[in-house]
Structure formats: C-alpha cells, structure tokens
Amino acid sequence: MTVPFLKIDGIRKEYGPVVAVEDVNLTIERGELVTFLGPSGSGKSTTLYILAGFEKPTLGDIRLNGQTLLSTPSHQRNIGMVFQRYTLFPHLSVGDNIAFPLKVRRKSKADVTERVREMLKLVRLEGYEDRKPAMMSGGQQQRVALARALAYDPPILLMDEPLSALDKKLRDELQHEIRRIHHETDVTILYVTHDQEEALRLSDRIAVFSKGRIDQVGTGPELYADPATRFVAEFVGDSDFLSCRVTHSQGGRANVVLGGDFAVEGVPLHDERGTPGEGALLLRPERIDLSRSEPTGWRGLPVRVDDVTFLGSNVHVIAQTGWGETVSVRLPFGHEHISGLSRGDEAWLRFDPNEAHVFV
Amino acid sequence: MLLDFDRLGWWRWALGGFTAAVAAFLLLPIVFIAALSFGSSQWLIFPPPSWTTRWYSELFADQRWLDAALNSLKIGLVVTVLSVVIGLAASFALVRGRFRGRETLKALFLTPMILPVVVLAVALYAFFLRLGINGTMTGFVIAHLLVALPFSILALTTALEGFDKSIEDAAILCGASPFEAKMRVTLPGISAGLFSAAIFSFLTSWDEVVLAIFMASPTLQTLPVRIWSTLRQDLTPVVASVSTLLVLVTIVLMLLVALIRKGLSKP
Amino acid sequence: MSSLTESRSVTGRQGGRRMPRLFGEVGPALPAFLLIVFFFVAPVVALLLRSVLEPVPGLQNYETLLGSATYIGVFANTFIVSTVVTAAALAIGFPVAWALVVMPMTWSRIVFAILILSMWTNLLARTYAWMVLLQRTGLINKMLMAVGLTDEPLTLVNNLTGVTIGMTYIMLPFVILPLYGVISNIDKAVLRAAALCGANRWQALTRVLLPLAAPGMAAGGLMVFVMSLGYFVTPALLGGTSNMMLAELIAQLVQSLTDWGLGSAAAFVLLLSTLVLYGLMLKFFGTSRLGGQ
Ligand SMILES: Nc1ncnc2c1ncn2[C@@H]1O[C@H](COP(=O)(O)OP(=O)(O)O)[C@@H](O)[C@H]1O
Ligand SMILES: [Mg+2]
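So, how was this worked out
- Residues numbered from 1 in each chain as written.
- Chains lettered and ligands numbered in written order.
- Predicted model: local features only at pLDDT ≥ 70, side-chain atom pairs only at ≥ 80, totals over all residues.
- Heavy atoms only, no water.
- UniProt positions renumbered as here; feature names shortened; annotations may be inferred.
- Salt bridge = Lys/Arg side-chain N within 4 Å of Asp/Glu carboxyl O.
- Helix = DSSP H or I, 4+ residues; strand = E, 2+ residues; numbered from the N terminus.
- Buried < 20%, exposed > 50% of the residue type's maximum accessible area, 1.4 Å probe, protein only.
- Domains from an automatic or database assignment.
- Contact = heavy atoms within 4.5 Å.
- Buried area = accessible area lost by both parts, 1.4 Å probe.
- Polar contact = N/O pair within 3.5 Å; in protein donor to acceptor, adjacent residues only side chain to side chain.
- Nonpolar A, V, L, I, M, F, W, Y, C, P; charged D, E, K, R; others polar.

Going by the annotation in an unreviewed UniProt entry, the name recorded for chain C is ABC transporter permease, with Fulvimarina endophytica given as the source organism. Turning to chain C, the UniProt annotation filed under Sequence similarities (unreviewed entry) states: "Belongs to the binding-protein-dependent transport system permease family. CysTW subfamily." As stated in UniProt under Subcellular location (unreviewed entry), the record for chain C gives "Cell membrane".

Under an unreviewed UniProt entry, the name given to chain B is ABC transporter permease, and the organism recorded is Fulvimarina endophytica. Turning to chain B, the UniProt annotation filed under Sequence similarities (unreviewed entry) states: "Belongs to the binding-protein-dependent transport system permease family."

What follows is the structure, encoded as structure tokens:
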C-alpha cells in the first residue's frame, strides 16, 4: 500500500471541558484542493491550527509522507498559510513581506529579488513592491499574503477563510485567482470556509464539519446527490425537509408515509437503525415538479401555494401541505404551470423517490 | 441639545468662557515660572523691574545642580531600560498567557501606581536601611522602577492587545523561530507602545520626588531632591530657571510622543 | 490498533510537557513578579508589622494615634482638604469636560494640550509657582487688591487654603480626562429626545446630562479623593507647620523623629483607607477605570 501524502489521523482537541475537534480523519493526495466546510465553531480552524503546529492535538497524529509532523515545531514545518485577518507585517513593504521567509532561510540576495519578482507576477501585483500594507486594499493584501506564503515553495498551503472579509465581487475574483494559482503551482491546498458556494467553486473535495467532526468527505456532486447526514444535506445545496414515518426498510431503502396517508416507496435511507419510526424526508427544491391540475397517471402531493417569487432564471414557489408543512420549489422560468400561479392556488407536487433521502 | 454646540444658545458662551478661564488657570503657573526665571528681582517681585539671564548663569555655574541633573538622567535611563524590558516580558505573559490568575497578577503589577507613594517610600526606606543600599544608585533605580513599571505595563499590554497575534504566527510559519518572529515582527509592530512605555518610564523617574527624598543621601541627590531641599530653605529664582528647563524637557518629550504616535499610525 | 497506541504516546508526551508550557506562558512575568514581591509587598508588610511590634508588641501605637488631639487634627485636616479638593475639582471639571465634548476640534485640541502639559510638568515646578503666586506680595494678592476685593494682602500660603488651591490645580486633569470619556460616550440623541419631550436646558442638564455623567463623576471624584489623602509634596510646601496632613506626618515621624512604630501605624491607616476606597471603586465601577490616568 502506498503511503498517503497527508494523513490526519484520529485528531481530537480539547480546550478544558470544550471538545473543539473530535475524531477527525482525512487523507489528502498531493496537489489536491480540499475545503473544510462548516458553520462557525465547528472546528475547522482548530484542525488547521493543529496542522500548522500552533495547537497540539489532545489525541491523534498528523503524517506527511508517513512521517509524523507533530514533533516538528511550526517554524520548521515548511507550511504556508493565509489567515482570515490581514497578517502582512505592517512595518515592511510588500516586497519585504514576500522576501521575509526567504531571508529567514538565508537565501542569497539575488535569489530573493528574483523570487519576489516571480511571486508578485504570480499574484498579479507587479509594481507594488514598495507599497506599505496599510496603503493597500483588503483584496490586495490577501494576494500579497498568498505570495508570501508561496514564496518558499511549501508543499502544503493552509487558508483560513482568507476571503471572508472581502465583498462579494472581490471574493469571486480572488476565488478565480486561487484556482489559477493552484493550477500553476502544484501546491496542496487546505481551504477553510463557511460558504458552500465558495467550497463548491474551489475544491476538488469538500470535508463537511459539524460540531467538531467531519460528517462527510466527497466531491461537490457527491455531497449534493448523496448526503450522508441531514446536516450535510442542509449545508450543501438547498433543501426541503418533510417529517415522515418509516413503515418498512430493507437494503438501504425505505418506504415512508407523509402526513398520514401519502406513501413514498423505495427512498434511500441513512443512519439506519433498522426499526420503523419517525424520520425526515429530504427533497431538493429544484428537483420537484409542480402541476396545476390533479395529475393523471401519477399521484401528486396536494399543496396550497403560499407565495411565488420571480428570481430571474427561475421562480421560487412556497407551498404548504395539507398538514401544515412548508415546501419550497424552484421551477425554471417558462415552466408550463407558472404563468398566473398565485397565492392560494391548489397544486400537486411530484418528485423521484430515488432522488429523495430519508434520515432517521 | 446639550451636546450639540450649535444648539447651546448663550450657554455655549458661558461654557466656553469658563473653559478658557480654567485653561488659563492651568497654564498660569507654567507661564509664570518661565517669566519669573528671566526676572531680575531676587524677591520674585512680579512684574519684575528688569529682565536678566543671571539665574541661568548661576544655575549652570553650580556644580551641585549639574551633578543632581546628571544623577537624574543616569537613574532615569537605567530605569527606562529596565522598565521597558521587564515590562515587555511581563506584558507578553499577561496578554498571551492562558493561565489562571492573570487579572490578579496584572492588578498586583499596577498597585504601586495607586498606593500612596509616601507609604512605599517609608517602607522602602526602612528596607533599604537594613540592606544598606539607601543613598545608592541601586536604591534609587529599584525605587523608581517600582513606580515606573506600572506605566510601562499599561502601555505595553495595550499595545500587545492591539497587535494581532496572527501576524506573529504568520512570521513563524514563514520559518522564523518564535523568538526571531517577536524580534523582527512583533516588536516593530508595537513600536509606538514601546516608545510610550519608555517615555512614561523616563518621565516618572525623572520627576519623582517623594521616593527620592527618602532614598537620597548628602552625596547622591536627584534634581527633584535638590529642588525640594532648596525650596525648603528659600524661594530663590534659580529654582524658577530649573523649573523652566524642566517644563521644556516635558514639552519636548510630549511632542516626541505626539509625533511618534502620528508617524506610526499612518506609515 | 497501531494508530491507537501511537495516539496514546502522543498524549503521554503532551502530559509531560504541560508544566514547561505553563512556565513558558507565566515565566516572562517572573522578573516583574519578583521585583514587586521582594521590593514592594515585602517592605510594605514589614512596615505594617513594625506598627504592632515597636517599641513593644501591642496596639499602643494605634491608641496613641487615635487618642491624641494632635493626630486627630491631622486626620481631620487630611479629610477636610481632600473633600474640598474633590468637590472643587468636580465642580470645575464637569463644565470643562462637557465643553471639551461639544467644542469645535481646534479649540478642544488646545485645551487638551494644556491639560496634558500641566499634568506632566514637574510637580515641584508647579508647586513652586503656586508658592510664589500665593505669597503675601505675590501676583494673586496684587490682583485681588487691584480689583478691590481686599484691602490688605491675604495669607494664602503656609496654611490649608494654599494647600487646597495647589491641590485642586493638580487634581483637575485627573477629573477632566475621565469625565470627558464618560460624557463623550453619552448619545447625543438622548439629549435631543429630552428636548423633544419638552425639557428646557436647565431640566435637560439636571435631569438627563448630570445623572448620565454621575457614574463618571463618582469614579473620578473617588480617585481624586484617594490621591489627595496620601499627597505629600504639595501639602508639605504650600501648607504650614501647624496644620499638617497625613503623608507629611508619616514622613516626619519616620525621618525626623525616627518613631517607626507610630509612623508605621499612621502609614497603615493611610494604606487601609486607600485600599478600602479603591475596593469600593472597583466594586462599583469595575477595573476599567483603574488605569485611567
Ligand atoms: N483557544 C480556545 N480556547 C477555548 N475554546 C476554543 C479555543 N479555540 C477554539 N475553541 C472552541 O473550539 C470550537 C471550534 O472552534 P474553531 O475551530 O475556531 O471553529 P471554526 O473555525 O470552525 O469556526 C469552538 O467551540 C470554539 O469556541
Ligand atoms: Mg475559524
């Protein structure tokens, strides 16, 4: 068996009584861009700080090419990092900031100059060498921070919500830059974010964090199509949840009943306890079809329309089931049943049980 | 409305006039001393019959004044260095440490600032008599360090709290050892706080009277002690000239602080 | 299974390194700690012990202090002067702090510069100025006579009047600066609301602004009061020999009379009053204002 590039092995971190991170396992290949996605307080930064060596895990190990990293102090780990807050050295110019890691490594003057130029070119800030950080915008500062973190050619780059302080437009632009730089260099990137769109846009794989644990690791489409937990389903993509009762389960599929009499059969089942009981049925708003008239040939879920919102390329319908639960449906603009649809109308919903999920 | 200048009506003239009067009251003694130091009257008649620089000549001709000033300077500089170094180390512990009792420790470090100096002076006097360091440079330095250190710790903990530790962490990940990162990144980053700590420490020592009165010996006096003992005898105008020079020193240091703050806030 | 053993070994090492890590965090405070304990706490405690041990063990020093009219007089002087100084500083300081908040920037900057200059000017220099200003032939007496407020020169120095004037002068910045902080944090909208509710200026002042500034006044006043209790230089120079204040008494007992027992007892009385008042202040206003100079 080949040795994995980077292995996070059973990490646990306690701060006094608080368990910040619990049983985190992850294997990362060289050159991958993996995001840690999760709400604030879910342990993403803590995991990153353990990788950086600023925190020691209570339990577990980090291995790079099979060797433990834990015995190496931060400054000898040769890891790059871009922080959430702006961390340029305020008293040094942009050029000197990028040169800092090289000078610390006692590189020759010519090498330093050459490398600083290369890095400025990589982050497209040629000509900014002599600027002081305070005179640059947040986006520019994070580019410099990126250049500084990559100047010494680290095998791993850690990024802790580097774009969260920027406005939407700059963020899109820099996400694009990060992808480009990831392609141009072969650095392995671990990227922390709480923004699912950012995670989906950037990453090869996403690790979804919840309450200090990794709930699921996978590509964006995998997480969307086959969420392992209700939390992942909620966090990645939009979701509708309807409470249901599981009447029968076998081989990872379940038959459920909604609202007392609407039966759905053969839905993929998660967290199987093996016993029938209460559960939640996940539907994706954009995978639900809507009909204005009682359908013939299939049994639709009858609902009453509460609200219709036009959102450009699609239309958002909020509807209520007979027993009072809310379902949101996203229909493409131009869908045959939208025109004239308004509050109070009756409608029938249809979805494919194979695409739904039951969480027990 | 009471906090809007435009809507105060005639009250604003009353308030402005009163404030101007208080400002004059605060400025009066300082301007007065300066004028007095150039007055010719031995008896401090004001306005003086004529103007002279005689008191300055007398001051600079008197070796005892020069020695006292030199002692003050020496003690002040040693105290400044020790206060900043010890205060910096303590501030790192107070700001960065995650141990219990941190607040209590900080309060302990600041108490010499709030206790009546005379109590500390008497206590140290007794203690130093036992140790046999009363009237020595060491005694002076220790005594002044005790009252200068709180200022240093206040300035430096504030500066360190305002300095994002992530910047130091970034330097460490760049390959600098924790010590190197502090020297090359954190200290330059809090240089304004370091300057404030140094200047406040120096001024505290330079101006300190009460401890100095107890620490002094006939052969070792600081400038304030010399002023004090002179004043206890008579109100010679020479004191006015010393005082004027002291005010000048204060103004220069204050301007320095203002310039440094300004210069460092927008590099 | 092998990963479990490895994990254990990691924890084991962590456990062993807890103490060094803690030392690394507290260690830098050690020089300051030793300095304070050895040269501050120990001498002060030793002094206090002398008050009950010298010349013979017992409380006789405190009995002498509290039983003699002379010493009671000193306590009374100290208390009266501190009270008057505090009241005067607050009465003068409040309008100035208020004015500093509302004044145009250019003007308030000048007043601030004067405040800071006065605060940092050598204490002896300022006291010397008042000694000269207040003497019988001094400028103040001349001005008073010129405007006809008095026919013959008043005795303004070498008595408690001089001490009170000089100390009020010195304490003013210590009231104005914290009060400025408090008043500038009051929301202007509150006072505009008071005006809309029909309050006239005087009502707005007494019913809104003053109550809102009251915690700041109390904290600033308490601080000035405590500082005044232990003040040494100004009372010694501006006051007379017949009406001493507490700090002078302590110095004299120890230095001139070498009565260490009585001197220490007086020092303890001062220390205790200070600590009690600071305790009150901390209780009511929190730590934030302690370093407010
Ligand atoms: N130094 C610390 N001391 C105590 N608790 C901490 C510390 N750092 C983080 N935590 C706790 O650990 C949990 C995870 O925090 P963090 O890793 O920062 O989350 P995230 O980066 O996902 O927002 C949180 O509950 C946080 O309160
Ligand atoms: Mg975080």
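There is more to say after this.
Residue and element names in this part refer to chain A. Enumeration according to the criterion identifies 32 salt bridges over all chains in this entry. A salt bridge links Lys168 to Glu197, with the shortest nitrogen-to-oxygen separation between them at 3.8 Å. Of the two residues, Lys168 is situated in helix α5 (residues 168-184) and Glu197 in helix α6 (residues 196-202); the sequence distance between them amounts to 29 residues. You can call Lys168 partly exposed: its relative accessible area is 44%.

Residue and element names in this part refer to chain B. For chain B, the domain assignment lists domain 1 (5-36) and domain 2 (63-265). Taking only C-alpha atoms, the centre of domain 1 and the centre of domain 2 are 32 Å apart. Residue-level contacts link four residues of domain 1 with four residues of domain 2. Here domain 1 meets domain 2 over a buried area of about 320 Å², counting both sides, of which 83% is carbon and sulfur. Linking domain 1 with domain 2 are zero salt bridges. One can count zero residue pairs in polar contact (both at pLDDT 80 or more) joining domain 1 with domain 2. When the residues that make up the side of domain 1 that touches domain 2 are grouped by side-chain class, the tally is four nonpolar, no polar and no charged.

Now for the UniProt feature "domain: ABC transmembrane type-1" (unreviewed entry) in chain B. Mapped onto this structure's residue numbering, the UniProt feature "domain: ABC transmembrane type-1" (unreviewed entry) falls at residues 69-257 of chain B. Along residues 69-257 of chain B, the helical share is 83% and the strand share 0%, with 22 Å between the first and last C-alpha atoms.

With that settled, the discussion passes to the interface of chain B and chain A. At the interface, 19 residues of chain B touch 26 residues of chain A. Both faces combined, the contact of chain B with chain A buries some 2,000 Å², and carbon together with sulfur accounts for 66% of it. Here chain B and chain A share one salt bridge between them. Arg85 of chain A is the partner of Asp164 of chain B in a salt bridge, and the nearest nitrogen-oxygen pair spans 2.8 Å. Our enumeration of links across chain B and chain A arrives at five residue pairs in polar contact (both at pLDDT 80 or more). Listing elements by their share of the side of chain B that touches chain A, those giving two or more residues are α7 (165-173) and α8 (178-189) of chain B. Looking at which element gives the most residues to the side of chain B that touches chain A, the answer is α7 of chain B, with seven residues.

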